[in-house]
Amino acid sequence: MANKNTDFLLEIKAKPSTVVFSSNRIDAMFAVDDKIYPADEEILIKPFQEYIASSSSQGQSEEKKLFSSIPGEKLKIDFFFATNIHPKQKQYDEGMKLFNEKKYKEALPLLLSAAEAKHPDAVLQVAYIYEKGLGMWFSDNKKALQWYWKAAELNDPDAAIKIANAIYNGDYEANAKQMLDFYLLAVKNNNPEITYKVALIYKNGFRDINPDDEKALQYLQKAAGLGLPEAMYDLGIRYEKGQGVPFNSKTSLFWIKKAADQGYGQAVKYWKQLNQ
């Protein structure tokens, strides 16, 4: 549907549990419950019950029946242009200006407001402020981890690693499955160290995660392929012993030498003994 005055086109494609907004404006942006999305991105919504989604920006408006789990609930949708600053972006920018001036107490309320609206950079910044105790008498690790959790839920891989490590080390209470999900987010971003850690979790098991050698090998091979020397060495030893893979001395030496070439201690020692 196009706005008569501006020829601004907003198309809403709704499925039972997702919605996609499209526009003829390449700079069109959409804020769904204050979380910002570009056009044509599939957005998860609550399924099954009908409700009305209303959106308006600068005199332009649209309404469309969508679906929600709560009858009568209205989904808040705003659309705007990237050339115009969204209110939450403005709060983040103002908060960061104060932060860079080391006015942490004044910065935090603005950043918190933007973070509560799921502005991803604001969420990370709030977590960092609590972690370092900036503008406070002391740091607040509990609050920091709560905000890192929120950042991880927004698919930030570094935040996912922080919260997963906290769960792994017993510093944050959550189940092992949640920990593994956060580690796997970092794996998707080709983090070699975390990929290797996931391999070890599957190899040895962790809490209610049972050992799974097939998955352990899968992630070990990926970590080795990403160039992590300890993963290369472990994979070489597997081929030497035929553990989960067919025995292959040539492949074993290939991986162990690659690890040794990177200075990995065990591989260097192995290679020297082999060539004595």
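Look up a bit, the structure's there.
Since this is a predicted model, take the numbers as computed values, not measurements.

S.K.: Where do I start with helix α1 (residues 87-100) in this structure?
M.R.: Each α-helix winds once per 3.6 residues, and so residues spaced three or four apart point in a common direction. Helix length check: α1 (14 residues) gives 20 Å between terminal C-alpha atoms against 20 Å at 1.5 Å per residue, within 8%. Taken residue by residue, α1 has K88, Y92, G95, M96, L98 and F99 as its buried positions. All buried residues of α1 lie within an arc of 160 degrees about the axis, which places them on one face of the element. Along α1, exposed side chains directed more than 90 degrees from the buried face belong to P87, K97 and N100. On its buried side, α1 packs onto α2 (104-116) and α3 (120-132). Following α1 by one or two positions, K102 has its phi on the positive side, about 65 degrees.

S.K.: Hey, could you run me through unusual backbone geometry in this one?
M.R.: Most peptide bonds take the trans configuration, and most residues that are not glycine carry a negative phi. Positive phi outside glycine occurs at K102, with the angle close to 65 degrees. Mapped onto the elements, K102 comes out in the loop between α1 and α2. The backbone of K118 shows a phi angle near 70 degrees, a positive value even though the residue is not glycine. With respect to the helices and strands, the residue K118 is situated in the loop between α2 and α3.

S.K.: Sorry, what's going on with the side chain of S252 here?
M.R.: Examined against the element boundaries, S252 turns out to sit in helix α10 (residues 249-261). Take S252: its relative accessible area is 2%, and that puts it in the buried class. Separated by 2.8 Å, the side chain of S252 and the backbone oxygen of G236 make a polar contact. Sequence-distant contacts of S252, that is, excluding residues within four places in its chain, are made with G236, Y239 and E240.

Definitions and cut-offs
- Residues numbered from 1 in each chain as written.
- Predicted model: local features only at pLDDT ≥ 70, side-chain atom pairs only at ≥ 80, totals over all residues.
- Heavy atoms only, no water.
- Helix = DSSP H or I, 4+ residues; strand = E, 2+ residues; numbered from the N terminus.
- Expected span 1.5 Å × (residues − 1).
- Buried < 20%, exposed > 50% of the residue type's maximum accessible area, 1.4 Å probe, protein only.
- Arc of directions from axis to C-beta.
- Contact = heavy atoms within 4.5 Å.
- Polar contact = N/O pair within 3.5 Å; in protein donor to acceptor, adjacent residues only side chain to side chain.

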